[in-house]
Amino acid sequence: MRVSPLFSLSLLTISLSPMLAGAQEMSDIERIETTSSRIQGTVNASGYAVSSVSEETLSLLSFQHIQESLNYIAGAGVQRGNGQEYLPALRSPVLSGAGACGGILAAEDGIPLRAAGFCNINELFEAHGEMAQRIDVIKGPASALYGSNAIHGVINVITPDTTQGDGILGFDYGSYGFHRVKLQEGKDFGGSGVGIAASLTRDTGYRDDEGVDQEKVSLRHRLEWDNTVITSGMTYTHLDQETAGYIEGFESYKDTQIARSNPNPEAFRNARSFRLWSKFDTTFEGGHALSVTPYIRNQDMRFRMHFLPGKPLEENAQKGVGVLSQFNYVVNDRISLDVGVDAEYTEGELTQSQQGPTEGSAFLVETIPAGKHYNYDVDATLLAPFFALNWQDDKWAIQLGGRFETMRYDYGNNMNTGRVRENGTECGFGGCRYSRPADSENNYNNFSPKLSLRYQLSPQIRLFGGVARGYRAPQATELYRLQRAQTVTELESVTADNVELGITGSLLSGGYTLSFYSLEKDNVIYRDSDFFNVSNGETWHRGVELTFDQQLSDVLRVDFAGTYARHTYEHSQLSGEQDIKGNDIDSAPKVLFNTRLSYDVTEEIQAQLEWQHVSGYYTDAENLNEYDGHDLVHGRISWDVTNSITLYARINNMLDTEYAERADFTSFSGPRYFPGRPRNFMLSASFML
């Protein structure tokens, strides 16, 4: 019995495609690679849980926003903003703030979408999810493959191998001006192949003066001989978005006229991204295997910060190169060793500027002047060796590993320093709002150990557990976009200690997974009452997750993914003259679940009914304001007209529920919301080429 490569050795893989258990389940599990390993192998030993939204599920859903697909993952509570914007959540509250994006790593084909110190809260719109083969999710800091930014987990969009298989031409047409064209085509030459996947989206939107124009293309090339395969890929994306901002007023989302309004018609977001990679895989005599993936990344973005006084313009960009590697050495039938080194160099830049004077009080007008607020460059270097020792027998599997990561920032300020105007004059009321630190270097070193175990209790039941430490270095925006009197930061890396126990297995005509987790974060970075960026916060995240699927009859199946969780502040901090220690973190629903009932009307026609539940949650740290939550019902039907033509019809929000995609509260505006769309439809057609 050969031990498979480290990271394709999983305690569990949850396939959200239809499962009949048995052989079908194993087939789904064996397809999972890239996320759980850089070396293709059979998933049959230790590791961590990988939840996967399958290609079939994605085709039936045909999401307008990637958040819709992540509803199928237990523990994910992503909240949609406007257009392609969102705020992420995975075994966490909804993450917001300057560096909050550092809590969840977003990737495409195993390569992070952004460099570790330059994440963006909306970065998943740069992945080609519209044409994904599947979307994989790792929960918690369990994998040594992923370092900084993977505290709460990893969301990995897997693009299809278009060099093999059939081509596809698809059309989507929906309410409020939504339409999209999708193309997938390739040519297999045997030992090589080329392919393309492309999508073009237009959405004029439900609200006034909003809209999305988005284009994405992914190219693929494959070359193989003997025991070696070289796979290369390129993804280019462009987003041109007219953004609608928050609406204000208690439960204003229930007023149709207000819900459709746009208080920020001047808001926009324009973003481009380019990624090029080439993955070298080879095997050696004795079963050893090597994977090396160099890559290039280039991105730029412009957007109006309509949520800030003065509504400044941010322009940011980053370009860099990196490499991912993994070598699997097989010692014997029971033991193998994985080692690797990841390295990356990135050049980033950011400018924030304001054209005209700030509107509002005399204080705002004086302390937020027109002109440049920030203009800086940051060069970042990352080096991260990792290892894991794997042992397994017939019933037990144990994995012990770790990752050491060193990150260096070299920051250069291109303006005057301190909290003065661009021309060097001082602001009244004690100084300008924005403070620019002097040139500096910052270094962060972190080590994260990992231990996981699996025990085969019976042919149908497996027990699993693990302990792991995660971390994230401070983001560049947390270090260098300072405010008020702060002129330098002394931030530490955020750390997270995670413990997880669970059981998974097959039952009747389906499968289930029940898991319990507790994750404690230390050195949490936040902005204190003096508007200083500090890293002395503590939070606690614990919960229970249940995923199951069951074939109720020959034609009826149910799929469920749900969680009950608590997310609390564990440090003393005054907010509104109240100590928030022990309070629930805002934007943290305790209960989230998604249930889908699928009915095979005939062999060619499948219908599906979906129920999505979001419980109420507090919208402020003081726990004085809250959103009541909501329940949504969606319906879908697919019809295989022929072997090469499939038609789809979907009705979203069938009961026309008035709800908020996101609810928030600030002391300046009071309650504010991103309103959800009322009942809407989509028709689609897919043609095999």
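Structure first, text after, so check above.
Criteria and thresholds
- Residues numbered from 1 in each chain as written.
- Predicted model: local features only at pLDDT ≥ 70, side-chain atom pairs only at ≥ 80, totals over all residues.
- Heavy atoms only, no water.
- Helix = DSSP H or I, 4+ residues; strand = E, 2+ residues; numbered from the N terminus.
- Rg over C-alpha atoms; globule rule 2.2 N^0.38 Å.
- Buried < 20%, exposed > 50% of the residue type's maximum accessible area, 1.4 Å probe, protein only.
- Contact = heavy atoms within 4.5 Å.
- Areas by Shrake-Rupley, 256 points an atom, 1.4 Å probe, with all protein chains shown as cover.
- Lys, Arg positive; Asp, Glu negative; His and termini not counted.
- Charge placed at Lys NZ, Arg CZ, Asp CG, Glu CD.
- Phe/Tyr/Trp six-rings, centres within 6.5 Å; stacked < 30°, edge-to-face > 60°.
- Pairing = 2+ DSSP bridges.
- Salt bridge = Lys/Arg side-chain N within 4 Å of Asp/Glu carboxyl O.
- Polar contact = N/O pair within 3.5 Å; in protein donor to acceptor, adjacent residues only side chain to side chain.

### Section: the overall build of the protein
Here is step 1 of the chain: Counting its secondary structure elements, the protein contains 6 helices and 37 strands.
Here is step 2 of the chain: For 689 residues, the compact-globule formula gives about 26 Å, and the C-alpha radius of gyration of the protein, at 25 Å, lands near that figure.
Here is step 3 of the chain: The principal-axis extents of the C-alpha atoms in the protein amount to approximately 75 × 55 × 50 Å.
Here is step 4 of the chain: Expressed as a percentage of its 689 residues, the buried residues of the protein come to 59%.
Here is step 5 of the chain: Long-range contacts, defined as pairs at least 24 residues apart, comprise 67% of the intrachain contacts of the protein with a sequence gap of at least 6.
Here is step 6 of the chain: Taken as a whole, the protein presents about 26,700 Å² of accessible surface, with 56% of it coming from carbon and sulfur.
Here is step 7 of the chain: Of the charged side chains in the protein, 57 are positive and 89 negative; the average position of the first set lies 1 Å away from that of the second.

### What to know about unusual backbone geometry
Backbone geometry follows two general trends: most residues other than glycine have a negative phi, and most peptide bonds adopt the trans configuration.
Here is step 1 of the chain: Notably, Arg91 is not glycine yet its phi reads approximately 50°, a positive angle.
Here is step 2 of the chain: You can see Arg91 is positioned in the loop between β4 (86-87) and β5 (105-108).
Here is step 3 of the chain: Owing to a relative accessible area of 4%, Arg91 belongs among the buried residues under this scheme.
Here is step 4 of the chain: Its identity is not glycine, yet Arg484 carries a phi of approximately 55°, on the positive side.
Here is step 5 of the chain: With respect to the helices, strands and loops of the structure, Arg484 is situated in the loop between β24 (482-483) and β25 (494-507).

### Details of the packing of aromatic side chains
Here is step 1 of the chain: Following the criterion strictly, the structure yields 19 aromatic pairs and no others.
Here is step 2 of the chain: Residues Trp396 and Tyr455 carry aromatic rings whose centres are separated by 4.8 Å and whose planes lie at 50° to one another, so their mutual orientation is tilted. One end of the pair, Trp396, is in strand β20 (residues 396-413); the other, Tyr455, is in strand β22 (residues 440-458), with 59 residues separating them in the sequence.
Here is step 3 of the chain: You can call Tyr455 partly exposed: its relative accessible area is 22%.

### A look at the sheet that holds strand β35 (residues 660-666)
Here is step 1 of the chain: Taken in spatial order, the 3 strands of this open sheet run β14-β36-β35, and their pairing is antiparallel. Where the open sheet ends on each side, the last strands, each with one partner, are β14 (247-248) and β35.

### Section: the pattern of salt bridges
Here is step 1 of the chain: Enumeration over the complete set of coordinates arrives at 37 salt bridges.
Here is step 2 of the chain: Taking the shortest distance from any N to any O, the salt bridge between Glu545 and Lys139 comes out at 3.2 Å. Highlighted residues: Glu545 in strand β27 (residues 533-551) and Lys139 in strand β7 (residues 134-139), separated in sequence by 406 residues.
Here is step 3 of the chain: Here Glu545 falls in the buried class, since its relative accessible area comes to 3%.
Here is step 4 of the chain: Between Lys311 and Glu266 there is a salt bridge whose closest N-O contact spans 3.1 Å. In this pair, Lys311 sits in the loop between β16 (289-304) and β17 (313-330) while Glu266 sits in the loop between α4 (256-260) and β15 (268-283), placing the two residues 45 residues apart along the sequence.
Here is step 5 of the chain: Given the relative accessible area of 32%, Lys311 is considered partly exposed.
Here is step 6 of the chain: The network of salt bridges with common partners includes Arg38, Asp342, Arg403 and Glu405.

### Re the side chain of Arg207
Here is step 1 of the chain: On the secondary structure map, Arg207 appears in the loop between β11 (192-203) and β12 (211-225).
Here is step 2 of the chain: Buried and without a salt bridge, Arg207 has Glu210 as its closest oppositely charged side chain, separated by 5.2 Å.
Here is step 3 of the chain: A polar side-chain atom of Arg207 sits 2.9 Å from the main-chain carbonyl oxygen of Ser261.
Here is step 4 of the chain: Excluding residues within four positions of it along the chain, Arg207 makes contact with Asn82, Ala244, Gly245, Tyr246, Ile247, Ala259, Arg260, Ser261, Asn262, Pro263, Phe674 and Pro675.

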